[in-house]
Amino acid sequence: MKCISVYTDNFELFSDIFEHVVENQNQLNENEEQEIEGVTFSHSGDAPEHYLERMSQKPEVVVMRDKSRGLTILQHGNVFEILIPAEDTTVVS
C-alpha cells in the first residue's frame, strides 16, 4: 500500500485539502514533500499489509475508510496517513 502522510492534526483542514492530495499523489516521488494551504504532505513509501492491522488496534488511532475509492485513512498524533492499495495507485475522482 502506498502511504501519503499529511502533517496536521486539524480534521477540518485535512478534509479541505484531502481531494487535492489524493488527486496529486501520483506526482510525488517517494520521500518527496509538497505543501498546500500551509500543510505539508509527502509520499512516505509503501506500508506493509500488517501495518494497517497493527495500527488499527491501537486506541489512539482513528481509522476512516473511503470505500468508493478503496482508501484507508489513519489519524494519530499530528498526522493523517492515506493508505492507497498497491493494485490501484491511480485514484480516479
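Residues numbered from 1 in each chain as written. Predicted model: local features only at pLDDT ≥ 70, side-chain atom pairs only at ≥ 80, totals over all residues. Heavy atoms only, no water.

1. What about the packing of aromatic side chains?
Here the structure, examined in full by the defined rule, presents three aromatic pairs. Arranged with centres 5.6 Å apart and planes meeting at 55°, the rings of F14 and F18 form a pair that is tilted. Here F14 pairs with F18, and both are found in helix α1 (residues 11–24), just four residues apart, close to one helical turn. F18 matches F14 in its accessibility class, with the two residues each being buried. On the numbers, 4.0 Å between centres and 5° between planes, the contact of F14 with F80 is stacked. Taken together, the residues span a long stretch of sequence, with F14 in helix α1 and F80 in strand β6 (residues 79–84) at a distance of 66 residues. Taken together, F11, F14, F18 and F80 form an aromatic cluster joined through their ring pairs. (Phe/Tyr/Trp six-rings, centres within 6.5 Å; stacked < 30°, edge-to-face > 60°. Helix = DSSP H or I, 4+ residues; strand = E, 2+ residues; numbered from the N terminus. Buried < 20%, exposed > 50% of the residue type's maximum accessible area, 1.4 Å probe, protein only.)

2. Description of the confidence of the model for the protein
When pLDDT is averaged along the protein, the result is 90, and 92% of the positions lie at 70 or above. Segment residues 88–93 is flagged for pLDDT under 50; beyond a separation of four residues in sequence, or across chains, it makes 16 contacts in the model. (pLDDT = per-residue confidence, 0-100. Contact = heavy atoms within 4.5 Å.)

3. Observations concerning the sheet that holds strand β1 (residues 2–6)
Read across the sheet, six strands follow the order β2-β3-β1-β6-β5-β4 without closing on themselves; strand pairing throughout is antiparallel. Taken across any chain shown, the strands that pair with only one partner, and hence form the sheet edges, are β2 (33–36) and β4 (62–66). Mean inter-strand twist for the sheet, computed between neighbouring axes without regard to direction, equals 25°. Relative to strand β3 (residues 39–46), β1 runs antiparallel, the two sharing four bridges. Residue pairing for β3: K2 is matched across the bridge by D46. Strands β4, β5 (71–76) and β6 of the sheet are contacted by helix α2 (residues 49–56), whose axis makes an angle of about 45° with β5. (Pairing = 2+ DSSP bridges. Axes fitted to C-alpha atoms, helices over the stretch in contact; angles between N-to-C directions.)

4. Quick word on the pattern of salt bridges
Inspection of the entire model under this criterion finds two salt bridges. With a closest N to O distance of 3.0 Å, R69 and D66 form a salt bridge. Here R69 falls in the buried class, since its relative accessible area comes to 15%. D66 sits in the buried class, given a relative accessible area of 15%. Put simply, E19, D66 and R69 are held in one network by salt bridges that share partners. (Salt bridge = Lys/Arg side-chain N within 4 Å of Asp/Glu carboxyl O.)

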